[in-house]
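Descriptive analysis of the structure
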Amino acid sequence: MNKKKIMTDKMLKFVKIDQQNPNKRQVDKRIDDFKEIYEQFIHDKAKEQSSRCSQCGVPFCQIHCPLNNNIPDWLKLAAEGRLREASELAHSTNNMPEVCGRICPQDRLCEGNCVIEKSGHGTVTIGSVEKYITDTAWEKGWIRPIKVKKEIDLSVGIIGSGPAGLACAEELRKMGYQVTIYDRYDRPGGLLIYGIPNFKLEKFVVERRTKLLKESGIKFHQKIEIGKDKTLKELNEKHDAVLIATGVYKPREVNLPGHDLKNIFPAMEFLTASNRKGLGDKVENFENGTLNAENKNVVVIGGGDTAMDCVRTAIRQNAKSVKCIYRRDKENMPGSTREVNNAEEEGIEFIWLSNPKKFIGSEKISSLLVEKMKLGIPDSSGRKKPEPIPNSDFEIKVDIAIKALGFDPEDLPKLFNDSNLLVSKWGTIKVNMKSMETNIAGVFAAGDIVRGASLVVWAIRDGRDAASSIHSYLENKTLKKIKVA
Ligand SMILES: Cc1cc2nc3c(=O)[nH]c(=O)nc-3n(C[C@H](O)[C@H](O)[C@H](O)COP(=O)(O)OP(=O)(O)OC[C@H]3O[C@@H](n4cnc5c(N)ncnc54)[C@H](O)[C@@H]3O)c2cc1C
Ligand code: SF4
């Protein structure tokens, strides 16, 4: 067999899909068969893609990257084979380039604004080159723990080890601060570990980052919930500054008749069980079949990226059928087009223009009553408003229903038992947008808990900005102390 002949774009797709196949052993073998050529192919592909950058001089890609990554320059370095320099440049603005390369919605950010894409010739695949550069740097051992030049005897406490908390911690540690992260989960990483599925972001990618931060001297206290095990006030007294980076976790409810029937789950419960299973944990509710979609008719309610993660997880668990119910049409879905197309390719059935009306069953859910919708005039957000079509109800057979309508912030002042902490009417923490400082002196906030549910790349950006504000705050505080003395 001429293996080289098979290494076409089609082959790349074959490998990509097969990597996601639950039958891992068989897949590994097939990848092994092609490993040498596959690696060479990826290398050539990244090189080819980087050299497609026209160095246009107006880097719209960079402007539309929330981290203002110096994309044209690292593409040039990659095209010249100077991968170590490319990786260093990528790391100078981003704490986790390999994560962003994998999961940023590039079609809405850098790649969607590539000049070559705009001129109709297809974007430079910036994300995959970013991933390639950084994965290579990890493989070659170029990514090393932080060596602090001068330790600073000031400490910062960070609540939450998601991307916002981790990015802030790394930046502060580089400057020499003593950093402690507190997290209520047993593993660091936040939604990178327990939300985003393994097929989009392999867990070892997150784990090697957090290991590196531990080796850099950052202390991690897992299974500590602020508000329960320690108060915000205690942390504020213990540390010289505090960052709140707790994300948003309150699921939006589907308050329909029958909502208390069994086998109706919030998206995070379903995704966390699957991620825990992938991490090798014993998950009783998965083992006993409750949260396992195998051979079941699964319905996911919602049209955002979390809904796409749920349908794509269910199909990988060998569900009998997977349907996605969304009240608008494909053009008006909130999720990324790329994710929806992936889900369609994998066999998920989308029931557009449909709205759930009632969960039906005795004890457990057995079906869902749905009504058909049509799109009316645009509402204040500019999106067409869905309206029910009278007498259009129909029933869908369901064994598991998953609610994926998004997340709101938890009631933090209540959770932290600190009514002084100011929040917006949506429950997000109010900060001074320039300094990221809350109304409590020395307490800063970053990530989803400030923006509402957003993106990893924005959380990293916020974490970096918060680190620089905390540094200024601590410098001023120290100067004041010296003056007083
Ligand atoms: C299913 C799903 C899929 C997603 N897919 C993508 C994607 O493909 N691409 C993308 O860019 N974004 C994606 N996102 C969004 C992205 O994950 C978030 O925007 C990002 O993780 C926010 O980072 P964060 O650090 O603010 O919060 P989080 O990642 O949520 O981390 C917050 C951390 O704080 C901890 N915590 C909370 N409260 C407390 C407390 N009281 N005490 C101690 N610790 C606490 C939590 O345990 C958690 O570890 C997805 C989100 C979900 C839910
Ligand atoms: S961080 Fe995200 S938006 Fe920025 S270059 Fe990388 S993939 Fe594109």
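First things first, this report covers the structure right here in the doc. These figures come from a predicted structure and were not determined experimentally.

1. A word on the sheet that holds strand β2 (residues 178–183)
The 5 strands are arranged β3-β2-β1-β4-β16 in an open sheet whose pairing can be described as parallel. Two strands in the sheet have a free side with no partner beyond their single neighbour: β3 (219–222) and β16 (443–445). Averaged over neighbouring strand pairs, the angle between their axes works out to 20° when direction is ignored. Bridge count between strand β4 (residues 241–244) and β16: 3 bridges; the pairing is parallel. If you follow Ile244 over to β16, its bridge partner there is Ala445. Relative to the sheet, helix α10 (residues 163–175) contacts β1 (155–159), β2, β3 and β4, its axis offset from that of β2 by approximately 165°.

2. Things to note about the site of ligand 1
In the vicinity of ligand 1, 35 residues are found, and the nearest of them are Ile103, Asp183, Lys200, Tyr249 and Asp309. Within the contact set of ligand 1, an oxygen atom lies 3.0 Å away from a backbone nitrogen or oxygen of Ala164. Backbone polar atom of Asp448 to an oxygen atom of ligand 1: 2.9 Å apart, as the coordinates give it. The protein chains hide 97% of the 1000 Å² of surface that ligand 1 would expose on its own. Of all elements in the fold, only α10, β2, α16 (305–316) and α20 (456–484) reach the threshold of two or more residues within the shell around ligand 1. In terms of residue class, the shell around ligand 1 is built from 19 nonpolar, 10 polar and 6 charged.

3. Notes on unusual backbone geometry
Of note in this structure, Asn263 is not a glycine but carries a positive phi near 70°. The residue Asn263 is located in the loop between β5 (250–251) and β6 (264–266) in this model. Asn263 sits in the buried class, given a relative accessible area of 17%.

4. Some thoughts on the pairing of β1
Across the 5 residues that make up β1, a large majority, 5, are buried. In β1, alternate side chains face the same way, and those of Ser155, Gly157 and Ile159 on one face and Val156 and Ile158 on the other are all buried. Bridge count between β1 and β2: 5 bridges; the pairing is parallel. Residue pairing for β2: Ile159 is matched across the bridge by Tyr182. Considered for its hand, the β-α-β crossover made up of β1, α10 and β2 is right-handed. The sheet contact formed by β1 and β4 spans 4 bridges and is parallel. Bridge pairing in β4 places Ile158 opposite Leu243.

5. Things to note about the site of ligand 2
Within the structure, ligand 2 sits among Cys65, Asn69, Ile71, Asn94, Cys100, Cys104, Gln106, Leu109, Cys110, Ile126, Glu130 and Val457. For the shell around ligand 2, a count of residues per class yields 8 nonpolar, 3 polar and 1 charged.

Rules used in this analysis
Note that residues are indexed from 1 along each chain, following the sequence as it is written. Chains carry letters and ligands carry numbers; both start at the beginning, A for chains and 1 for ligands, and go up in the order they are written. Side-chain atom pairs in this predicted model are given and counted only at pLDDT of 80 or more, local residue features only at pLDDT of at least 70, and totals for whole chains, interfaces and linings cover all residues. Calculation of side-chain values draws on the structure's entire complement of heavy atoms; hydrogens and water are dropped beforehand. Note on pairing: DSSP must find at least two bridges between two strands before they are called paired. Helix numbers and strand numbers start at the N terminus; a helix is a DSSP run of H or I with at least 4 residues, a strand a run of E with at least 2. Fitting a line to C-alpha atoms yields each axis, with helices limited to the stretch in contact; the angle taken between N-to-C directions then spans 0 to 180 degrees. For this analysis, residues touch if any pair of their heavy atoms sits within 4.5 Å. Proximity is defined per residue: any heavy atom of the residue falling within 4 Å of a molecule or strand makes that residue near it. In the analysis that follows, any N or O atom pair within 3.5 Å is treated as a polar contact, provided that within protein one partner can donate a hydrogen and the other can accept it, and provided that, for residues neighboring in sequence, both atoms belong to side chains. Only the protein chains shown count as cover for residues, and all accessible areas are computed by the Shrake-Rupley method using a 1.4 Å probe. In this classification, Asp, Glu, Lys and Arg are treated as charged, Ala, Val, Leu, Ile, Met, Phe, Trp, Tyr, Cys and Pro as nonpolar, and every other residue, Gly included, as polar. Per-residue accessibility, obtained with a 1.4 Å probe over protein chains only, is compared with the maximum for each type, and a residue is labelled buried under 20%, exposed over 50%, and partly exposed between these values. Here the term right-handed applies to a crossover when the path leading from its first strand over the helix to its second strand runs clockwise, the strands being oriented away from the viewer.

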